[in-house]
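# Geometric and topological summary
One-letter residues, chain by chain:
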Amino acid sequence: MRPASLRAIPAVEKLLQAIGKTDVPRPTVVSVIRRELAALRSKNQILDFDALIVRIQAVLGSLRLQRIQPVINGTGVVVHTNLGRSPLGTRVAETLSTIAGNYNNLEYDLASGERGRRGTYLEYNLSLLCGAEAATVVNNCAAALVLMVHHFVCRKREVIISRGELVQIGGGFRIPDILQASGAKLREVGTTNKTCLNDYMNSITEQTAMILKVHRSNFYMGGFVDSPTTAEVAALARRKRIPFIEDIGSGAMFRTEKIPGVEHEPMPAEMLRQGADLICFSGDKLFGGPQSGIIAGKRRFVLALKRDPFFRALRCDKLILAALQTTVDIYLESSGQKQPLLSAIPTFGLLDASNDGLRARGKRIVTALSTLPISLSLSESKSQVGGGTLPRSFISSVTIDLVPKQITVQEFAARLRAATTPIIGRIASGRLKLDLRTIFPSQDEELIRVIRACFESTIETGG
């Protein structure tokens, strides 16, 4: 680029003044400006000043949308991994606010005045809730699996697992990769669709470290399929004196089959009663708590895991422990009663909401938006549990279907995503559908406000 052309590129400070005040930190704005100017220089490209401002503002706008912020989930997926999985209830949020804003006794024994151990109260109550001898927590379920495999394969290397359970979880991660990264040598048994107890028995050698069973929580198999029960595999493992571990996935603490359209999901106490030595599950799926990996089972195994040097690298911080502690307290205080859980565990409340209630809310929202240049209607729909849980279960629901008259549905959806409170829906049959099952009643007024604001800006700009 010639010197004259270089002089045509505006100074960083001039661009900063033109952009003006923004809610992005100034060093971030400066960095974006410098990066965009460097890109122009490398391409020998010159933009006029106004075009350059538009380009920088677009980059800042895109960056701003990447910040973690509350959204309105109109997708109909209750445990939505991309949207933070299970939302936390008011009581848990209040606990987080109190703990985060103060010093706390994370590793301090208030009775003795000396250093204590983190999570003692939580672990006691978790073991009680799960019907286990002991329990502990790490930062997610994959970490729980890695910790257990890493610990048990320190002397013997082989982990027996059915070929039908070598699943892929979110983000492209695969169970075989996770196990092998833990130092395990996989001993695959059976076939994709059929595994029998003899397959496990015939694969046990002096190098067998453990038997692993993985619940098929994010897919299902039908037709000519079969596999032994947890109780059958547990009995075999007990006879052979081999640890038996089961990853049960979602950690349901209520009978999911009581919700219309939903199948039974294994519960922690249920699987431990069937004989598993250890189980692990996610804290932020059907359990309804924060992201965490919960391990429960035989005391000697849990204590051994906590002594493993790897445990420290996977432990949870004060906020996760506090949120999980309150969630567990809620379950214990409810003593299996439905009503306290509905109000305190949002995931449970969303799954249990009646269609009549959803339809009544939908009518109020449609009436409030009826003056806008948009076609509005209510329709029957099907919601999903989500989070890699209960893939065959669909819950009847109600959607608000929106078709704007002045802009495309795609542009309308993009505007809602870019709003001060983003609204996420799904496009189907030329309509933007907002599923009321995953929208909290307390968000109805904000939903109305955001949609109105989108159309007011459209009218002002002549869109």
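Placed above this text is the structure.
Residues numbered from 1 in each chain as written. Predicted model: local features only at pLDDT ≥ 70, side-chain atom pairs only at ≥ 80, totals over all residues. Heavy atoms only, no water.

Here we take up the side chain of Asp-444. For Asp-444, the location among the structural elements is in helix H19 (residues 444–460). Classification of Asp-444 as buried rests on a relative accessible area of 8%. Only 2.8 Å separates the side chain of Asp-444 from the side chain of Arg-361, close enough to count as a polar contact. Those residues in contact with Asp-444, other than ones at most four positions away along the chain, are Arg-361, Ile-365 and Ile-439. (Helix = DSSP H or I, 4+ residues; strand = E, 2+ residues; numbered from the N terminus. Buried < 20%, exposed > 50% of the residue type's maximum accessible area, 1.4 Å probe, protein only. Polar contact = N/O pair within 3.5 Å; in protein donor to acceptor, adjacent residues only side chain to side chain. Contact = heavy atoms within 4.5 Å.)

In most cases, non-glycine residues show a negative phi, while peptide bonds are predominantly trans. Positive phi is not limited to glycine here, since Leu-390 has a value of about 50 degrees. Locating Leu-390 in the fold gives a position in strand S13 (residues 389–404). The backbone of Ser-429 shows a phi angle near 55 degrees, a positive value even though the residue is not glycine. Examined against the element boundaries, Ser-429 turns out to sit in the loop between strand S15 (426–428) and strand S16 (431–435).

Here helix H2 (residues 12–19) crosses helix H3 (residues 26–42) at 125 degrees, and the two axes come no closer than 10 Å. Classified by the angle between their axes, H2 and H3 sit oblique to one another. In this structure, the crossing between H2 and H3 has a hand that is right-handed. Where H2 approaches H3, its residues Val-12, Glu-13, Leu-15, Leu-16 and Ile-19 are matched on the opposing element by Arg-26, Val-29, Val-30, Ile-33, Arg-34 and Leu-37. Here the residues of the contact of H2 with H3 are counted per class, giving 8 nonpolar, no polar and 3 charged. (Axes fitted to C-alpha atoms, helices over the stretch in contact; angles between N-to-C directions. Parallel < 35°, antiparallel > 145°, perpendicular 65-115°, else oblique. Left-handed = near helix turned anticlockwise from the far one by under 90°. Nonpolar A, V, L, I, M, F, W, Y, C, P; charged D, E, K, R; others polar.)

Along the chain, the position of Ser-86 falls in the loop between strand S2 (77–79) and helix H5 (90–100). Among the residues examined, Ser-86 registers a relative accessible area of 5% and is labelled buried. Polar side-chain contacts of Ser-86 include one of 3.0 Å to the side chain of Thr-347. Beyond its immediate chain neighbours, meaning those up to four positions away, Ser-86 contacts Val-79, Asp-284, Lys-285, Gly-288, Gly-289 and Thr-347.

A few words on the sheet that holds S13. Pairing in this open sheet of 5 strands is mixed, and the strands run S2-S12-S13-S16-S15 from one edge to the other. Only two strands of the sheet have a single partner each, and these edge strands are S2 and S15. Within the sheet, the average angular offset between the axes of one strand and its neighbour, ignoring direction, is 40 degrees. Two strands pair when backbone bridges link them, and S13 and S16 are joined in this way by 4 bridges, in the antiparallel orientation. Looking at S16, one finds that Leu-402 is bridged to Leu-432. Lying over the sheet, helix H17 (residues 355–368) contacts strand S12 (374–386) and S13, oriented at roughly 20 degrees with respect to S13. (Pairing = 2+ DSSP bridges.)

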